[in-house]
Amino acid sequence: MEPSLARVDYLQVGVTAQKTMRLLPASGKKATQKVVVGDQDGVVTCFGIKKGEAVPVFKTLPGQKISRLELGGALNTPQEKIFVAIGSEVRGFTKRGKQFLSFETNLTESIKAMYISGADLFLCASYIYNHYCDCKDQHYFLSGDKINDVLCLPVDKVNCITPVLACQDRILRVLQGSDLLYEVEVPGPPTVLALSNGNGGDSGEEIVYGTSDGKLGVTQITGTKAIPKWEIGNEKKRGGILCIDSFDILGDGVKELLVGRDDGMIEIYNFESADDPVLRHDHALSESIASIQGGCVGKDGYDEILAATYSGWLTGLTTEPVHREGGSGEELKLSQEMQSKISSLRNELEQLQMKVLQEREKYQQSSQSSTAVSSVPAFSVNDKFTLNKDDASYSLILEVQTAIDNVLVQSDAPLDLLDVDKNSAVVSFSSCDSEPNSNFLLATYRCQANTTRLELKVRSIEGQYGTLQAYVTPRIQPKTCQVHQYQIKPLSLHQRTHSIDPDRPMNTLMLKGQFSFAEIHSWVVFCLPEVPEKTPAGECITFYFQNTFLGTQLETTYRKGEGYFKSDNISTISILKDVLSKEATKRKINLKISYDVNEESVRHTLKLIHPKLEYQQLLAKKVHLIDALRELQVHEGNVDFLLPKYRSILEEADQLLEEYKRQPAHLERLYGMITDLFIDKFKFKGTNVKTKVPLLLEILDGCDQDGLIAFFDAA
């Protein structure tokens, strides 16, 4: 049965971070619960709902931004103490708002993730995990990559403290004391962790994870190894997962899984069978969901899902039916409660309009005085720049706390802008002069009114690197703008992976010289995405990568004074050789470069590219025929005389055009990659074959794989 949920907007606080809203335990079985939320103005707000209105319980004074909010208390008692992470400090409040704890930790960075279990406090900065018991330091762990979230298995069920860290390198790290017990590989960078069913399941060992690329899964964390239970991919291409909760919103006695995503989607997953969950309901909001909770908020006896959005809105999806009494004819009478609510909202709106006018006049007078000081209004931008594995493109998501007026996008590296279905902004391109200013892309997105979130897609060319800049201008007065920069790396289409196929023919690049471990690590960070900026612990490190466009692979192993790079694509080795030697020259470091080229790898790469090339050439041919076939259809009125293949082109015309539009310059990219492969193959032999490129392009138009391989071998 499809749940019937009505949306209710309760209150707006300041901008909120991930996992900063919770529901306090109810006093009775079906009684309403108080909401507590912390925002980036440093204010903790606790309120309840009475007759549809938010009634404050307490509100703290502004301060540093709140990065996490958790509930705690003695084990097996109601968890009603409020703990907030502010900078490197943890503060505790009672449910009435009295501060009882101010614990200044020994962390040098701000707290990014927090979990509380009885007297145990688990805190994480970017790379550092700390465990405290009664505010006394117990354990410490340095992670190999950034920590996004932390939780601990329920102590009353598993009888030991088992913390789990969600790390950016697609790994869950399970700890025992200060030591790493084991690692769990997950399909994407995990952004959030939660106990399965809210309590870890029957065993207390099951945890739910959500990833930044929108995947969801459950794994059982035993004392010796992890047992994967289920995993759901992101078939609908929705946003990354930011928050998870378990709550029985359908009233069937089984807790559903509530999921909040960064594209504003709220999802309810139901466990109809004992195995995989099924998506039962979804609801779209216009901004990212920072926190999600299930409970009873608006009215006694009516359960609901409460979400806190990025800009601070607390929005409920309630099971309470929206009553409308039938009037005479089609006229509908509003209930007395609704009429009084509308009246109070009108009064509040009038007061706000008066206040805005007064403040505007005040600002005009102060700006014209002789002692005027220009003030630039501050605004928050939540941005995310990630590589999509499915279509080898980068998504740039910009979210602003107020409506966006326009976004100017500029790049000094060649980029293709791709179409985004969800994007309603009007884009206009400016002509670029790439020579003096290195300007390859200049585009403006003009947003419609009340757009607070904008998603762009770009595709880069490997070997051509630079900076993408986004100038964000919101609809506020006086006009102000923020610039955000994103690095387009030399091997920008490579993505970290857990392992590679050792049986492929590999080319090897070897570097030796007077460089430190930190120096060669900084070069690898410059070349490749998803590499932690912090120099890894130990003397040697290995990373594995996969090219999202072609499926080729790369293995990097390096230590002080030497580095080894292996790839089945010779162009990858060529790009690394050029960029690494350039970086070493900048630092006046003399490099000894040697390489081992495997001839078989070129044939292997061509075989990987060819199916894509064939498909794109066929798509381009079909698209070019559509106009002529449609004209024929108009003139003849009937197309039964056409061959079946041409009739199918007409039937699928809209899908073909849509696909072609979504992938501009795809064929040119493939031609470019094959041309680079041809040039790079002979560059390592010391031969310049650029004069033979026109001949190669003629063979490519013929799309003959054997002829192409023969040309590579003969040249």
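Please read all numbers here as calculations on a predicted model, not as lab measurements.

### Remarks on the packing of aromatic side chains
- Under the defined criterion, the tally for this structure stands at 16 aromatic pairs.
- Relative to Phe122, the ring of Tyr115 has its centre 6.5 Å away and its plane inclined at 45°; by these criteria the two rings are tilted. You'll find Tyr115 and Phe122 in the same group, each marked buried.
- Lying across the ring of Phe100, Lys81 places its NZ or CZ 6.0 Å from the centre.

### Points about the domain arrangement of the chain
- On domain assignment, one finds that the chain holds domain 1 (381–488), domain 2 (494–597) and domain 3 (602–714).
- Between the C-alpha centres of domain 1 and domain 2 the distance comes to 29 Å.
- Contacts between the two partners involve eight residues from domain 1, matched on the other side by eleven residues from domain 2.
- Interface area for domain 1 against domain 2, summed over the two sides, is near 890 Å², with a carbon-plus-sulfur share of 56%.
- Among the residues of domain 1 in contact with domain 2, Leu387, Glu462 and Tyr465 are the three that bury the most area, contributing 56% of the side total.
- Seen at the junction of domain 1 and domain 2, the total is zero salt bridges.
- Between the two partners, domain 1 and domain 2, sit three residue pairs in polar contact (both at pLDDT 80 or more).

### Here we look at the packing of helix H6 (residues 599–636) against helix H11 (residues 705–714)
- The interhelical angle for the contact between H6 and H11, taken along N-to-C directions, is 150°, at an axis separation of 11 Å. It follows from the interaxial angle that H6 and H11 lie roughly antiparallel. Taken as a pair, H6 and H11 cross one another with a handedness that is right-handed. Where H6 abuts H11, its residues Val602, Arg603, Leu606, Lys607 and His610 lie against Gln705, Leu708, Ile709, Phe712 and Asp713.

### Digging into the pattern of salt bridges
- Under the defined criterion, the tally for this structure stands at 34 salt bridges.
- Here Asp169 and Arg496 are joined by a salt bridge, their closest N and O atoms 4.0 Å apart. Here Arg496 lies in strand S40 (residues 494–497) and Asp169 lies in the loop between strand S15 (163–167) and strand S16 (171–176), a separation of 327 residues in the sequence.
- Its relative accessible area of 12% is what places Arg496 among the buried residues.
- As a salt-bridge pair, Arg603 and Glu600 come within 2.8 Å of each other at their nearest N and O atoms. A residue pair is termed a helical-turn pair when its members lie 3 or 4 positions apart in one helix, as Arg603 and Glu600 do in helix H6 at three residues.
- Note on Arg603: relative accessible area 27%, which makes it partly exposed.
- Exposure remark for Glu600: the relative accessible area of 38% places this residue in the partly exposed category.

### As for a positive patch on the surface
- Together, Lys34, Lys50, Lys51 and Arg96 line one region of the surface with positive charge.
- Tracing the sequence through the fold places Lys50 in strand S4 (residues 44–50).
- In this structure Lys50 comes out as exposed when scored by relative accessible area, which is 61%.

### Description of the sheet that holds strand S24 (residues 265–270)
- Here four strands make up an open sheet; going across it, the order is S22-S23-S24-S25 and the pairing antiparallel. Each having just a single partner strand, strand S22 (241–247) and strand S25 (278–284) make up the two edges of the open sheet. Averaged over all adjacent pairs, the angle separating strand axes in this sheet is 20°, with direction ignored.
- Pairing of strand S23 (residues 256–261) with S24, which is carried by four bridges, proceeds in the antiparallel orientation.

### Section: the sheet that holds strand S8 (residues 89–93)
- Pairing in this open sheet of four strands is antiparallel, and the strands run S6-S7-S8-S9 from one edge to the other. Each edge of the open sheet is held by one strand with a lone partner, namely strand S6 (66–72) and strand S9 (99–104). Across the sheet, the mean angle separating the axes of adjacent strands is 20° when strand polarity is ignored.
- Examined bridge by bridge, S8 and S9 share five bridges and lie antiparallel to one another. Considered in S9, the bridge of Glu89 is made with Glu104.

### Side note on the packing of helix H9 (residues 666–683) against helix H10 (residues 693–702)
- Contact pair H9 / H10: the axes reach a minimum separation of 11 Å and the direction vectors enclose 135°. As far as their axial angle goes, H10 and H9 are oblique. Note on packing geometry: the crossing formed by H9 with H10 is right-handed. From H9, Tyr671, Ile674, Thr675, Phe678 and Ile679 reach across to H10, where they touch Val693, Leu696, Leu697, Leu700 and Asp701.
- Its residues placed into classes, the contact of H9 with H10 shows eight nonpolar, one polar and one charged.

### Brief notes about the layout of surface pockets
- Quantified by volume, the second largest pocket comes out at close to 1500 Å³.
- If you go around the second largest pocket, you meet 50 residues; those closest to its centre are Arg22, Gln79, Gly198, Asp245 and Lys255.
- The set of elements that each furnish at least two residues to the lining of the second largest pocket consists of strand S2 (21–23), S6, strand S10 (113–117), strand S14 (147–152), helix H1 (155–158), strand S18 (190–195), S22 and strand S26 (289–295).
- Looking at side-chain class alone, the lining of the second largest pocket contains 26 nonpolar, 14 polar and ten charged residues.

### Let's talk about unusual backbone geometry
- Phi is positive for Cys135, which is not a glycine, with a value near 65°.
- Topologically, Cys135 is positioned in the loop between strand S12 (128–133) and strand S13 (136–142).
- Here Cys135 falls in the partly exposed class, since its relative accessible area comes to 36%.
- The phi angle at Lys237 is positive, at roughly 55°, despite the residue not being glycine.

### Quick word on the side chain of Glu206
- Its location among the elements puts Glu206 in strand S19 (residues 206–211).
- For the buried Glu206, no salt bridge is present, and the opposite-charge side chain at shortest range is Lys229, 4.3 Å distant.
- Discounting residues that sit within four places of it in the chain, Glu206 has contacts with Leu195, Ser196, Gly200, Val218, Thr219, Gln220 and Lys229.

### So, the side chain of Asp405
- Looking at the secondary structure, you find Asp405 in strand S33 (residues 404–411).
- Separated by 3.4 Å, the side chains of Asp405 and Asn406 make a polar contact.

### Looking at the nonpolar core
- Residues Val407, Phe565, Ile674 and Phe712 are the most contacted members of the largest nonpolar core, which totals 76 residues.
- Discounting chain neighbours no more than four positions away, the residues touching Phe565 are Asn507, Thr508, Leu509, Leu511, Val524, Leu554, Glu555, Thr556, Ile573, Leu576 and Leu580.

### Some words on helix H5 (residues 570–586)
- Here H5 spans 25 Å end to end across 17 residues, near enough to the 24 Å set by a 1.5 Å rise per residue.
- Along H5, the positions that sit buried rather than exposed are Ile570, Ser571, Thr572, Ile573, Ser574, Ile575, Leu576, Val579, Leu580, Glu583 and Ala584.
- For H5, the capping residue at the N-terminal end is Asn569, with a side-chain oxygen 3.0 Å from the backbone nitrogen of Ser571.

### Side note on the confidence of the model for the chain
- Looking at the chain, the pLDDT average stands at 88 and 96% of residues meet or exceed 70.
- Confidence drops under pLDDT 50 across residues 324–332; counting only partners more than four residues distant or on other chains, this segment forms five contacts.

### Concerning the environment of Ala119
- Counting through the fold element by element, Ala119 comes out in the loop between S10 and strand S11 (120–124).
- Using a relative accessible area of 40% as the deciding quantity, one classes Ala119 as partly exposed.
- Taking the C-alpha atoms as reference points, Ala119 and Ala74, 45 residues apart in sequence, are found 7.0 Å from one another.
- What Ala119 contacts, discounting residues up to four positions off in sequence, is Tyr132, Cys133 and Asp134.

So, how was this worked out
- Every chain is numbered on its own, with residues counted from 1 as its sequence reads.
- Side-chain atom pairs in this predicted model are given and counted only at pLDDT of 80 or more, local residue features only at pLDDT of at least 70, and totals for whole chains, interfaces and linings cover all residues.
- Calculated side-chain values reflect all of the structure's heavy atoms, with hydrogen atoms and water omitted.
- Here the aromatic set is Phe, Tyr and Trp, taking the six-membered ring for Trp, and pairing holds for ring centres within 6.5 Å; pairs whose planes are under 30 degrees apart are stacked, those over 60 apart are edge-to-face, and all others are tilted.
- Buried means the residue's accessible area, taken with a 1.4 Å probe over protein chains only, is under 20% of the maximum for its type, while exposed means over 50%, and partly exposed covers the values in between.
- Only Lys NZ and Arg CZ are tested; either one counts as a charge over a ring when it is within 6 Å of the ring centre and within 35 degrees of the ring normal.
- An automatic or database domain assignment provides the domain bounds reported here.
- Contacts are residue-level and defined by heavy atoms, with any inter-residue pair within 4.5 Å sufficient.
- Accessible area that two parts lose when put together, evaluated with a 1.4 Å probe and summed over both, is termed the buried area.
- Take a side-chain nitrogen of Lys or Arg and a carboxyl oxygen of Asp or Glu: if they are within 4 Å of each other, that pair is a salt bridge.
- Pairs of N or O atoms within 3.5 Å make up the polar contacts considered here, provided that, within protein, one atom can donate a hydrogen while the other can accept it, and that residues adjacent in sequence are counted only when both atoms are side-chain atoms.
- Here an axis means a line fitted to C-alpha atoms, over the contact stretch when the element is a helix, while the angle between two N-to-C directions is reported on a 0 to 180 degree scale.
- Only DSSP runs of H or I covering at least 4 residues are called helices, and only runs of E covering at least 2 are called strands; the numbering of each starts at the N terminus.
- For classification, angles of less than 35 degrees are called roughly parallel, those exceeding 145 degrees roughly antiparallel, those between 65 and 115 degrees roughly perpendicular, and all remaining angles oblique.
- Two helices cross in a left-handed way if the nearer one is turned anticlockwise from the farther one by less than a right angle. They cross in a right-handed way if the turn is clockwise.
- Grouping into patches uses exposed residues only, defined as over 30% relative accessible area, and leaves out salt-bridged ones; the cut-off is 9 Å for like charges and 5 Å for nonpolar side chains (Val, Leu, Ile, Met, Phe, Trp, Tyr).
- Note on areas: Shrake-Rupley with a 1.4 Å probe; residue coverage comes only from the protein chains shown.
- His is not counted here, nor are the chain ends, while Lys and Arg score as positive and Asp and Glu score as negative.
- Think of each charge as sitting on NZ of Lys, CZ of Arg, CG of Asp or CD of Glu.
- Strand pairing is defined by DSSP finding a minimum of two bridges between the two strands.
- Following the grouping adopted for this structure description, the nonpolar residues are Ala, Val, Leu, Ile, Met, Phe, Trp, Tyr, Cys and Pro, the charged ones are Asp, Glu, Lys and Arg, and the polar ones are all others, Gly among them.
- A cavity here means a set of points on a 1 Å grid, drawn over the protein atoms and nothing else, where a 1.4 Å probe fits but cannot get out; a pocket is an open set with protein on both sides within 12 Å along at least five of seven lines, and a residue lines either one if it has an atom within 4 Å of a point.
- Grid points are joined across faces, edges and corners, and a volume is the space filled by probe spheres set on the points.
- Residues grouped as a nonpolar core are buried Ala, Val, Leu, Ile, Met, Phe, Trp, Tyr and Cys residues, joined through side-chain atoms within 4.5 Å.
- By this rule, a helix spans an expected 1.5 Å times one less than how many residues it contains.
- The score called pLDDT rates the predictor's confidence residue by residue, from a low of 0 to a high of 100.

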